[in-house]
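A look at the structure
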Amino acid sequence: MWVWKAFLRGHNPILYDLGILGGGVPPDPSEGEPSFESLEPARQAMGDTRGFAEQVSLLTMLPRADLSSTGFALADPGTEYLILQPSETAVPFTIALTPGQYAVEWHSLTSRDTTPDAALTIPDDSKINISAPAEIAGPVVAHLRRISS
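This write-up is about the structure you can find in this document.

Thresholds applied
Residues numbered from 1 in each chain as written. Predicted model: local features only at pLDDT ≥ 70, side-chain atom pairs only at ≥ 80, totals over all residues. Heavy atoms only, no water. Helix = DSSP H or I, 4+ residues; strand = E, 2+ residues; numbered from the N terminus. Expected span 1.5 Å × (residues − 1). Buried < 20%, exposed > 50% of the residue type's maximum accessible area, 1.4 Å probe, protein only. Phe/Tyr/Trp six-rings, centres within 6.5 Å; stacked < 30°, edge-to-face > 60°. Contact = heavy atoms within 4.5 Å. Pairing = 2+ DSSP bridges. Polar contact = N/O pair within 3.5 Å; in protein donor to acceptor, adjacent residues only side chain to side chain. Salt bridge = Lys/Arg side-chain N within 4 Å of Asp/Glu carboxyl O.

1. Details of helix α3 (residues 40–55)
Its 16 residues give α3 an end-to-end C-alpha distance of 23 Å, which sits within 8% of 22 Å, the value for a rise of 1.5 Å per residue. Of the positions making up α3, those classed as buried are Ala 42, Arg 43, Ala 45, Asp 48, Thr 49 and Phe 52.

2. Some words on the packing of aromatic side chains
Where two aromatic rings form a pair, the distance of their centres and the angle of their planes describe that pair. Under the criterion given, the structure shown has four aromatic pairs. An angle of 70° between the planes, with centres 5.7 Å apart, marks the rings of Trp 4 and Phe 52 as edge-to-face. Here Phe 52 lies in helix α3 and Trp 4 lies in helix α1 (residues 2–8), a separation of 48 residues in the sequence. Accessibility classification places Trp 4 together with Phe 52 in one group, the buried group. Judged by centre distance (5.8 Å) and plane angle (70°), the ring pair of Tyr 81 and Tyr 102 falls under edge-to-face.

3. With respect to the environment of Ile 95
Here Ile 95 is to be found in strand β4 (residues 93–97). When the C-alpha positions of Ile 95 and Ser 68 are compared, they lie 4.5 Å apart, and in sequence the two are 27 residues distant. Residue contacts for Ile 95: discarding those within four places in its chain leaves Leu 67, Ser 68, Ile 83, Ser 126, Lys 127, Ile 128, Ile 130 and Leu 144.

4. Considering the pairing of β4
Most of β4 is tucked away, with four of its five residues classed as buried. Strand direction decides the pairing type here: β4 and strand β7 (residues 126–130), joined by five bridges, are antiparallel. Opposite Phe 93, over in β7, you have Ile 130 as the bridge partner.

5. Thoughts on the side chain of Ser 68
Along the chain, the position of Ser 68 falls in the loop between β1 (62–63) and β2 (73–76). At 3.0 Å, the side chain of Ser 68 forms a polar contact with the side chain of Thr 70. Only 3.4 Å separates the side chain of Ser 68 from the backbone oxygen of Thr 94, close enough to count as a polar contact. Setting aside residues up to four positions removed in sequence, Ser 68 forms contacts with Ala 73, Ile 83, Phe 93, Thr 94 and Ile 95.

6. Quick look at the sheet that holds strand β6 (residues 114–122)
Pairing within the open sheet is antiparallel, and its six strands lie in the order β1-β2-β3-β8-β5-β6. Among the strands making up the open sheet, the edge pair consists of β1 and β6. Across seven bridges, strand β5 (residues 100–108) lies against β6 in antiparallel orientation. Bridge pairing in β6 places Val 104 opposite Asp 117.

7. A closer look at the pattern of salt bridges
If you walk through the whole model with that rule in mind, you get five salt bridges. In this structure, Arg 64 and Asp 66 form a salt bridge, with 2.8 Å as the shortest nitrogen-oxygen distance.

The values are spatial; any link to function lies outside them.
Here it is, written out as structure tokens:
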């Protein structure tokens, strides 16, 4: 979770991964402090955030905690948004969006799958409540990209 929180706050998360310095997986991945295997979720999250960094217009996006009730948003308002819902349950959250139609994708931090959702039409400057589809469990990242005015 810390990787996503850091990324959406505009930081470059770094994992000082001593486990890989020894040349790969140690004989007992559960040993060590922290253990090699305990860092696997952070390694995966770093790969996932890098994938999103390559997809989005990162140059124009800024951390905007004020745009979401979760406090974790990277956005180019009116164009593109990445918003983290860190809750383990599908709790609705609020997003402040500018008018237009947006393509919506949900990225599950648990399964690491990205699922498209129905387009979202925003008629005026407003805050909307949104939540991940029920079949997506755990924390999620919502990716909204403007597709028309």
